[in-house]
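Each chain, written out:
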Amino acid sequence: MLKELIKRVGMTVAPELTLELLSARSQALIIDIEKRTGMLAASHAFVAKHGRAVLRGPFEGMRYSERVAKERNQVHRLLGSYENELYGWCEEIIEKQYSALLDIGTADGFYAVGFALRMPETRVIGFDTDRWARKATQELADENGATNVEVLSMCSPKWLNRNLKPGTLIFSDCEGYELVLFDPNLIPGLLGCDMVIELHERPSPGVEQTIRERFKGTHDIRVATYMDHDTSEFPELEILPLEMRAKAISEGRGGPQNVLFLTRHGEHPETYSPGSG
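Because the structure is a prediction, the values reported are computed rather than measured. (Residues numbered from 1 in each chain as written. Predicted model: local features only at pLDDT ≥ 70, side-chain atom pairs only at ≥ 80, totals over all residues. Heavy atoms only, no water.)

Engineer: Explanation requested: the packing of helix 7 (residues 110-118) against helix 8 (residues 131-144) in the structure shown.
Structural biologist: The relative placement of two packed helices is expressed as an angle between their axes plus a distance between the axes. Packing of helix 7 against helix 8 leaves a shortest axis separation of 9 Å and a crossing angle of 25°. By the angle between their axes, helix 7 is roughly parallel relative to helix 8. Helix-helix and strand crossings are classified by hand; for helix 7 and helix 8 the assignment is right-handed. Two secondary-structure elements touch here, helix 7 through Phe110, Ala112, Val113 and Leu117 and helix 8 through Thr137, Leu140, Ala141 and Asn144. Taken together, the residues that form the contact of helix 7 with helix 8 break down as six nonpolar, two polar and no charged. (Axes fitted to C-alpha atoms, helices over the stretch in contact; angles between N-to-C directions. Helix = DSSP H or I, 4+ residues; strand = E, 2+ residues; numbered from the N terminus. Parallel < 35°, antiparallel > 145°, perpendicular 65-115°, else oblique. Left-handed = near helix turned anticlockwise from the far one by under 90°. Contact = heavy atoms within 4.5 Å. Nonpolar A, V, L, I, M, F, W, Y, C, P; charged D, E, K, R; others polar.)

Engineer: Would you take a moment to explain the pattern of salt bridges for this structure?
Structural biologist: Side chains carrying opposite charge are able to pair once their charged atoms draw close together. The full count for this structure, using the stated rule, is 20 salt bridges. Ionic pairing is found between Arg123 and Glu150, a salt bridge with its closest N-O pair at 3.1 Å. Placement of the pair is Arg123 in strand 2 (residues 123-127) and Glu150 in strand 3 (residues 149-152), with a sequence separation of 27 residues. One salt bridge in this structure joins Arg253 and Glu251, with 2.9 Å as the shortest N-O distance. One connected set of salt bridges, linked through shared partners, spans Glu83, Glu198, Glu251 and Arg253. (Salt bridge = Lys/Arg side-chain N within 4 Å of Asp/Glu carboxyl O.)

Engineer: Which parts of the structure should I look at to understand the sheet that holds strand 6 (residues 219-226)?
Structural biologist: Two strands in a sheet stick together by hydrogen bonds in their backbones, pointing the same way (parallel) or opposite ways (antiparallel). Here we have seven strands laid out as an open sheet, ordered 3-2-1-4-5-7-6, and mixed in their pairing. Unpaired on one side and paired on the other, strand 3 and strand 6 mark the two borders of the sheet. Between one strand and the next, the sheet's axes are offset by a mean angle of 15°, whatever the strand orientation. In this sheet, strand 3 lies alongside strand 2 in parallel orientation, the contact comprising four bridges. What sits directly across from Val124, in strand 3, is Val149. Packed onto the sheet, helix 6 (residues 87-96) meets strand 1 (100-104), strand 4 (169-172), strand 5 (194-198), strand 6 and strand 7 (257-264) and runs at close to 25° relative to strand 7. In the packing of helix 11 (residues 207-215) onto the sheet, contacts are made with strand 5, strand 6 and strand 7, and the angle to strand 7 comes to roughly 5°. (Pairing = 2+ DSSP bridges.)

What follows is the structure, encoded as structure tokens:
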């Protein structure tokens, strides 16, 4: 409880420093867990068999760098199970060919570079407060020849007010900071954008309801829920020991987690929606 309180206060008072510290700590913790649990070794075995390119999904064929494949478990991304609840939305975004796309919280660059490859005329700007993530995103762009990607650190309200263009697509996974960032009273330009927002109720209680209230008058709102995946749906996992298969594709959420897709009224087709609000 105390840690969560400190995190909430930090996100409000000094978000850039708080996010830098939290992301570095989180990255180090994840790397340690993946080594200790055998997930990293399982990933190495998977890569040795199937390679470093994504096997299915909207970013099929995107190839990870050798360094990232050595340092982190990549099975879920390469397999095509990672956040596949959003794959329909991804195709909808790609079909629309937005002029600009902001990826707030790039992690290893899966979405920033994936979208850049599928939308080569789109200016993609990825943000992450974690240095490892920024380096990984740039490496992924270089590995795949995605020249329309720019990688920055903090995405602040000030940056958005200065740079946000109407019709931009914002793709966000910012660990609770969405409660601060997605406020049209603070950033009026958000009302002219479409947004995919991963929600983090633990550090930001009530964030889903708050965001729904803020945008209900201007946007259609759909919801998708991340769930655990059935390993039997992915035959490529058969090279791993049975007890490692679920771990290798786990996204470490500790339960269901919601994501919202907000599109300006009348802007989205119904074809690709994986859920309804």
